[in-house]
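Summary of structural features
One-letter residues, chain by chain:
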Amino acid sequence: MDHPSKFLDIVFHENIGIGEDLALCAGFERGEWRNDQLADHVIEWLPEFALTHSEINEIGAHNAVKLIKKAAKTVYQTEKYGLRGEFGEIFLHIAIRQIYKTIPAITKVYYKSAVNETVKGFDAVHVISGVDGLELWIGETKFYQDLNRAIYDVCSEIVNHLETDYLRNEFILIKNKIDPCWPEAAAFKALLNDSVSLDTIFTKACIPILLTYESDVVKSSSETNEEYKEKIKAEIASGYESLRKKLNSQYQNRFKTVMPITVHVILIPIKDKPKLIASLDAKLKALQV
């Protein structure tokens, strides 16, 4: 499944055995962090993020403009854009598609029950097709300014979402949202079937976590060189440790066992969240004219 060209660069990547820790950066141009260019890149992903499998396959010269406008309206139909999480969901979608070559299983944002209602449940539902069948990727994201707050909120949310009743109900909702024309539809429904033990599903599951935060290093830098990468590494090192420690502790306290699912942690340091939101907002609204 093709996707837009790579834009975000990996400036830190470490495999720690129980998952991977990564940092992605938009980079700089003429000494400035690439705020508007990142917003442009997000727009390139809109059709894949917001349209169904069938709609994507039907895009052609006769309906491209119509479907792109529909994608923009589906993602964004509120003036209160500063309170919304869809931008974080798009960043998560981009990151795991680019790095891990995942395949979207459902287009969650397409199934909002009402205009301006934030989509509930996992922030991304993707799969990877391997020799042993499908891997389930259920992601969570926080599009925040403060990394510590993002870590606190995402850990609590993940543990709540891993409750048995919540998972089973979410799986039912997911199965009902699968595009029947998607080639992996039958296999994916079989994986999420009530007869399959959660223990089995956990061995074939992964939780990618994406957090944004306003970075002092980004604010004081003008190019992506080795010095910048080392400063980013130093800035975020405690974040990975804090998140994994907090998540594992909360999971053990709740379920009396160790975390059974692989967790990848992806951080995106940004310069100015309000400025980035404003740029995304302007570009999305322009598509709706």
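One can find the structure itself at the top, above this paragraph.
Attention in this report is confined to the structure presented alongside it. From a predicted model like this one, the values you see are computed outputs, not experimental measurements.

Comments concerning the sheet that holds strand 2 (residues 20-25)
- In space, the 7 strands of this open sheet follow the order 1-2-9-8-7-6-5, with mixed pairing throughout. Each of the sheet's edge strands pairs with one partner strand only, and the pair in question is strand 1 (9-15) and strand 5 (103-104).
- Here 6 bridges tie strand 1 to strand 2, and the two strands are oriented antiparallel to one another. The residue bridging Ile10 from the neighbouring strand is Leu24, located in strand 2.
- Against the sheet, helix 10 (residues 226-255) touches strand 1, strand 2, strand 8 (205-214) and strand 9 (262-270), its axis set at about 140° to strand 9.
- Contacting strand 7 (133-143), strand 8 and strand 9, helix 11 (residues 273-287) runs over the sheet at an angle of about 115° to strand 7.

Focus: the packing of aromatic side chains
- Considering all chains together, one arrives at 8 aromatic pairs under this definition.
- On the basis of an interplanar angle of 90° and a centroid distance of 5.4 Å, the ring pair of Phe28 and Tyr228 is categorised as edge-to-face. Note that Phe28 is positioned in strand 3 (residues 28-29) and Tyr228 in helix 10, a separation of 200 residues in sequence.
- We classify Tyr228 as buried; its relative accessible area is 1%.
- Consider the rings of Phe122 and Tyr166, whose centres lie 6.3 Å apart with planes at 85°: the pair is edge-to-face. One end of the pair, Phe122, is in the loop between strand 5 and strand 6 (124-130); the other, Tyr166, is in helix 6 (residues 164-177), and 44 residues separate them in sequence.
- Put simply, the rings of Phe87, Phe91 and Phe143 pair up and form one aromatic cluster.

As for helix 10
- Between its first and last C-alpha atoms helix 10 spans 42 Å; for 30 residues at 1.5 Å apiece the expected length is 44 Å, and the two agree.
- The largest bend along helix 10 measures about 35° and falls at Ile236.
- If you check the start of helix 10, you find a side-chain oxygen 3.3 Å away from the backbone N of Glu227, and it comes from Asn225.
- Immediately beyond the C-terminal end of helix 10, within one or two residues, lies Lys256, with a positive phi of roughly 60°.

Some thoughts on the nonpolar core
- Ranked by size, the top nonpolar core spans 95 residues in total, and within it Leu136 and Phe188 carry the most contacts.
- Considering each element in turn, this core owes the most residues, 9 residues, to helix 4 (residues 86-100).
- What Leu136 contacts, discounting residues up to four positions off in sequence, is Val125, His126, Phe171, Phe188, Leu191, Leu192, Ile201, Lys204, Ala205 and Cys206.

Examining the pattern of salt bridges
- Tallied over the full model, the rule gives 12 salt bridges.
- Here Glu32 makes a salt bridge to Lys271, at a shortest N to O gap of 3.6 Å. Here the residue Glu32 occupies a position in strand 4 (residues 32-33), and Lys271 occupies one in the loop between strand 9 and helix 11, the gap between them amounting to 239 residues.
- On the accessibility criterion, Glu32 (45% relative accessible area) is partly exposed.
- According to the relative accessible area criterion, Lys271 is partly exposed, its value standing at 30%.
- A salt bridge links Asp153 to Arg149; its shortest N-O distance comes to 3.9 Å. Note that Asp153 and Arg149 are positioned in helix 5 (residues 147-161) at a spacing of 4 residues, about one turn of the helix.
- Residue classification places Asp153 among the partly exposed positions, given a relative accessible area of 22%.

About the cut-offs
- Residues numbered from 1 in each chain as written.
- Predicted model: local features only at pLDDT ≥ 70, side-chain atom pairs only at ≥ 80, totals over all residues.
- Heavy atoms only, no water.
- Pairing = 2+ DSSP bridges.
- Helix = DSSP H or I, 4+ residues; strand = E, 2+ residues; numbered from the N terminus.
- Contact = heavy atoms within 4.5 Å.
- Axes fitted to C-alpha atoms, helices over the stretch in contact; angles between N-to-C directions.
- Phe/Tyr/Trp six-rings, centres within 6.5 Å; stacked < 30°, edge-to-face > 60°.
- Buried < 20%, exposed > 50% of the residue type's maximum accessible area, 1.4 Å probe, protein only.
- Expected span 1.5 Å × (residues − 1).
- Bend = angle between axes of the 7 residues up to and from the residue.
- Polar contact = N/O pair within 3.5 Å; in protein donor to acceptor, adjacent residues only side chain to side chain.
- Core = buried A, V, L, I, M, F, W, Y, C linked by side-chain atoms within 4.5 Å.
- Salt bridge = Lys/Arg side-chain N within 4 Å of Asp/Glu carboxyl O.

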